[in-house]
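Results of the structural survey
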Number of protein chains: 2
Amino acid sequence: MSEKIYQGNIITSKSFDELEIIEDGYVCVRDGIITDVSKEWKKEYRDHEYIDHRGHLILPAFSDLHMHAPQYPQRGIGMDCLLFDWLNDYTFPQEANFKDETYAKTVYAKLIRDFIAQGSFHLVLYTTIHMNACNILADMLKEAGLYAYTGLTNMDRNSPDYYVDTTEESLRKTEEFILRNMGHDRVRPILTPRFAPTCTKELMEGLGGFAKKYDLGVQTHLVESKAEAAWAKELYPEFASDGEIYEKCGLLQGSGPKIFAHVIFPTEVEERILKEYDGISVHCPDSTSNITAGIMPAMKMSRKGLKIALGSDVGGAHFLAIYRTIARAVQISKMKEFYEGDERVKLANAFYMATVNGGSIFDRVGKIEKGYRFNALVVEDMLDEKLPHFLIGCIGKVLLHR
Amino acid sequence: MSEKIYQGNIITSKSFDELEIIEDGYVCVRDGIITDVSKEWKKEYRDHEYIDHRGHLILPAFSDLHMHAPQYPQRGIGMDCLLFDWLNDYTFPQEANFKDETYAKTVYAKLIRDFIAQGSFHLVLYTTIHMNACNILADMLKEAGLYAYTGLTNMDRNSPDYYVDTTEESLRKTEEFILRNMGHDRVRPILTPRFAPTCTKELMEGLGGFAKKYDLGVQTHLVESKAEAAWAKELYPEFASDGEIYEKCGLLQGSGPKIFAHVIFPTEVEERILKEYDGISVHCPDSTSNITAGIMPAMKMSRKGLKIALGSDVGGAHFLAIYRTIARAVQISKMKEFYEGDERVKLANAFYMATVNGGSIFDRVGKIEKGYRFNALVVEDMLDEKLPHFLIGCIGKVLLHR
């Protein structure tokens with residue numbers, strides 16, 4: 001029996017502004033690909049293997065497009081700080097621990113277990129400057145069957161003595177990581193400059209060379225706070241804005257995804273770049289709250305046709321679960337509405353960001369729809385009496401298909 | 001052996017602005033009361049029963065001073081609404097289910113299990129208008145050994161036909177609930193007018209009579225949003241402000257605690273009343289985010305000597321855990337700092353609100369300190385390598401002492 005049919009309450013996006021909810025619907029799957037979605041039973045289903053998830057939710061798995069894997073043990077720590085103190089007092093010392101491979105293995109094993117348990121199957125991950133730890137993470141992701149872009153993190157200035165590379169080391173290690181990890185169907189390398197202030201122009205241009213040579217995408221932090229944007233501008237006075245650094249140094253030349261975390265204060269330059277290079281801006285509402293940076297204009301950007309996805313941004317944030325990030329995206333937008341009158345993010349919008357937009361950089365994931373992969377979650381409804389089915393924010397036990 | 005000694009990493013408040021952290025400290029307990037807390041081992045400890053929690057945290061249990069028990073199944077639902085639509089479309093229909101005792105038993109059993117699992121042992125709870133369900137909840141709280149104030153909820157106008165009492169019914173049921181549940185050492189009745197707009201003046205004055213006759217406290221919602229405050233003012237034009245309704249109708253005459261949820265826009269009248277009657281304002285940062293009401297000036301009020309505690313405010317909020325509410329109080333205050341320049345809530349402040357201030361209405365709870373009850377949590381550190389101990393926001397398994 002090669003085709004399977006799953007019955008349950010299907011939730012997927014109809015559009016950016018509307019959810020599609022099919023109660024007691026059917027999903028047919030062959031070789032991991034959805035071949036049919038239907039509200040009604042069809043005669044040809046009778047030969048399929050039937051799997052009963054009635055009373056449970058069937059959702060597309062979530063995509064987490066900005067997360068720092070080595071900071072997983074650190075979430076919730078250093079809340080009283082703002083960005084730079086938090087980096088220097090907590091984050092850099094924490095990341096430096098990953099020169100120890102045993103530590104890396106222990107933390108990354110827990111992280112991957114928790115990604116799976118919480119339904120985030122498609123990831124874009126920051127790491128550290130340590131080659132062995134980066135390879136350990138890549139191997140574990142492959143082993144777990146997750147979809148991911150990850151790279152060796154580049155830092156060659158404005159970093160502590162105990163946690164920094166020379167420009168040459170950073171480039172050499174990056175190329176070695178790329179060559180070792182290219183060609184896998186699910187886990188792929190991506191350029192990972194930490195952010196403009198910790199990377200010299202020479203390093204950036206070297207990474208630009210790899211973008212072209214290996215046809216790679218890039219992930220970075222962009223206009224994360226006014227202080228960060230001002231510092232980047234000071235270090236790169238020849239460029240008009242934070243975003244132009246990446247463009248002019250050649251990091252946007254490859255065909256891989258361009259992932260920009262935060263984008264709280266996009267200028268016209270950033271907006272142009274995001275459009276021109278089909279960039280994705282990653283909204284991380286929990287960490288944004290923690291660093292007092294202001295709030296991404298997520299709806300204004302969306303209405304202009306810019307693509308917004310969601311990121312947990314652990315450890316700046318407290319939790320890994322993207323279903324909680326969805327709720328936080330709605331909540332934080334209400335603050336922006338209260339103070340600035342912006343359009344509020346509705347649940348359907350945030351769900352679309354977390355599934356369709358986030359999934360768009362991977363291969364056919366993010367919807368329960370014909371032709372998409374059945375990378376899906378089956379969520380048990382925790383509360384069983386007289387209740388609506390859609391309980392985002394307090395999702396139950398996650399059963400898995402990936 | 002009548003005295004026990006617990007060893008672990010003790011966390012308690014030194015003051016509103018400072019935590020006391022004793023690594024590998026000792027807590028001695030006799031008959032549920034703390035008799036000594038020490039950093040050093042003392043000779044007289046040798047006869048005590050020793051309990052080893054080294055590597056774990058020992059914290060005072062949390063107090064949740066504003067929570068709607070019947071809304072527990074509803075958390076996370078109706079996020080796209082503001083307050084009044086949320087009440088009419090989701091909340092009132094949900095609460096109306098509690099005329100069914102079997103449903104009440106099922107939901108309240110889960111709720112109490114989760115309060116315990118998440119370390120909230122001291123509670124102030126809203127209910128519904130249903131006598132039997134209210135008594136079921138009170139009995140379950142007693143049985144579980146939790147500390148609580150709860151009352152039958154009063155609504156005699158501006159409520160749906162299927163979920164409202166007459167003034168006379170509401171008063172009769174309230175008195176019956178009081179008489180049945182008075183005199184217990186842990187679970188006590190409290191007056192529970194839903195909020196001014198759903199209560200006539202006649203009902204309020206009747207409740208005022210009970211405050212005096214039975215020496216009771218009161219819980220209510222106060223200046224929760226500009227819309228709510230304006231509506232209350234329209235319905236009670238003879239009073240200067242929302243708070244004065246409760247004062248002038250006599251609800252503050254008893255010696256029980258006066259618990260005011262939200263208090264987002266306190267006027268001078270509210271500030272006077274809070275001081276004069278030793279009222280507690282309950283900050284509910286998660287639900288406040290959800291209803292786009294604005295943000296309580298928690299630090300300004302604290303610096304004026306007003307007492308602020310924390311509430312989960314489920315189902316307006318998404319989660320029950322007060323340790324998460326602590327993190328949310330810090331986060332939301334950073335938004336207020338960003339937009340209004342207010343002093344930010346630090347972790348020590350929010351912890352104090354959740355333990356010392358919240359605990360102050362119960363009997364000697366909220367600190368790990370000589371003379372206090374050992375209502376405490378032992379929290380396993382989830383992450384075991386090279387990590388700081390204090391992981392608020394991602395607390396581990398909760399072991400219990402109560």
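About the cut-offs
- Residues numbered from 1 in each chain as written.
- Chains lettered and ligands numbered in written order.
- Predicted model: local features only at pLDDT ≥ 70, side-chain atom pairs only at ≥ 80, totals over all residues.
- Heavy atoms only, no water.
- Helix = DSSP H or I, 4+ residues; strand = E, 2+ residues; numbered from the N terminus.
- Buried < 20%, exposed > 50% of the residue type's maximum accessible area, 1.4 Å probe, protein only.
- Contact = heavy atoms within 4.5 Å.
- Areas by Shrake-Rupley, 256 points an atom, 1.4 Å probe, with all protein chains shown as cover.
- Pairing = 2+ DSSP bridges.
- Axes fitted to C-alpha atoms, helices over the stretch in contact; angles between N-to-C directions.
- Salt bridge = Lys/Arg side-chain N within 4 Å of Asp/Glu carboxyl O.
- Domains from an automatic or database assignment.
- Buried area = accessible area lost by both parts, 1.4 Å probe.
- Polar contact = N/O pair within 3.5 Å; in protein donor to acceptor, adjacent residues only side chain to side chain.
- Nonpolar A, V, L, I, M, F, W, Y, C, P; charged D, E, K, R; others polar.

Helix and strand counts for chain A come out as 12 helices and 16 strands. Overall, chain A is about 65 × 50 × 40 Å in size when its C-alpha atoms are taken along their principal axes. Taken across its 402 residues, chain A has 67% of its residues classed as buried. For chain A, contacts bridging at least 24 residues in sequence account for 74% of all contacts bridging at least 6. For chain A, the accessible area works out to roughly 14000 Å², and carbon and sulfur atoms hold 48% of it.

For the rest of this paragraph, the subject is the sheet that holds strand E14 (residues 307–310) of chain A. Residue and element names in this part refer to chain A. As summarised here, the arrangement of the 4 strands in space is E11-E12-E13-E14, forming an open sheet in which the pairing is parallel. The two strands at the open ends of the sheet, each matched to only one other strand, are strand E11 (218–222) and E14. Strand after strand, the sheet turns through a mean of 30 degrees between neighbouring axes, direction not considered. Judged from the 3 bridges that link them, strand E12 (residues 258–262) and strand E13 (residues 280–283) form a sheet pairing that is parallel. Within E13, the residue paired with isoleucine 259 across the bridge is isoleucine 280. Helix H11 (residues 322–340) rests against E13 and E14 of the sheet, and its axis sits at about 125 degrees to E14.

The subject of this paragraph is the pattern of salt bridges. Between side chains of opposite charge, pairing is possible as soon as their charged atoms come close. All names here are of chain A. Inspection of the entire model under this criterion finds 50 salt bridges over all chains. As a salt-bridge pair, lysine 42 and aspartate 36 come within 2.8 Å of each other at their nearest N and O atoms. The closest approach of N and O atoms between aspartate 165 and lysine 173, which form a salt bridge, is 2.9 Å. By relative accessible area, aspartate 165 is classed as buried at 8%. Connected through salt bridges with shared partners, the residues Asp17, Arg303 and Glu343 form a single ionic network.

Moving on, we come to the domain arrangement of chain A. Residues and elements named next belong to chain A. Its domain assignment divides chain A into domain 1 (3–60 + 367–401) and domain 2 (62–359). One C-alpha centre belongs to domain 1, the other to domain 2; they are set 31 Å apart. Taken together, the 22 residues of domain 1 in the interface contact 20 residues of domain 2. Both faces combined, the contact of domain 1 with domain 2 buries some 1800 Å², and carbon together with sulfur accounts for 73% of it. We note a salt bridge from arginine 303 to aspartate 17, for which the minimum N-O separation is 3.0 Å. At the junction of domain 1 and domain 2, the tally comes to 5 residue pairs in polar contact (both at pLDDT 80 or more). Mapped by element, the contributors of at least two residues to the side of domain 1 that touches domain 2 are strand E1 (3–15), strand E2 (18–30), strand E4 (49–60), strand E15 (376–379) and strand E16 (398–401). The leading source of residues in the side of domain 1 that touches domain 2 is E1, at 4 residues. Across the side of domain 1 that touches domain 2, the residue classes tally to 12 nonpolar, 6 polar and 4 charged.

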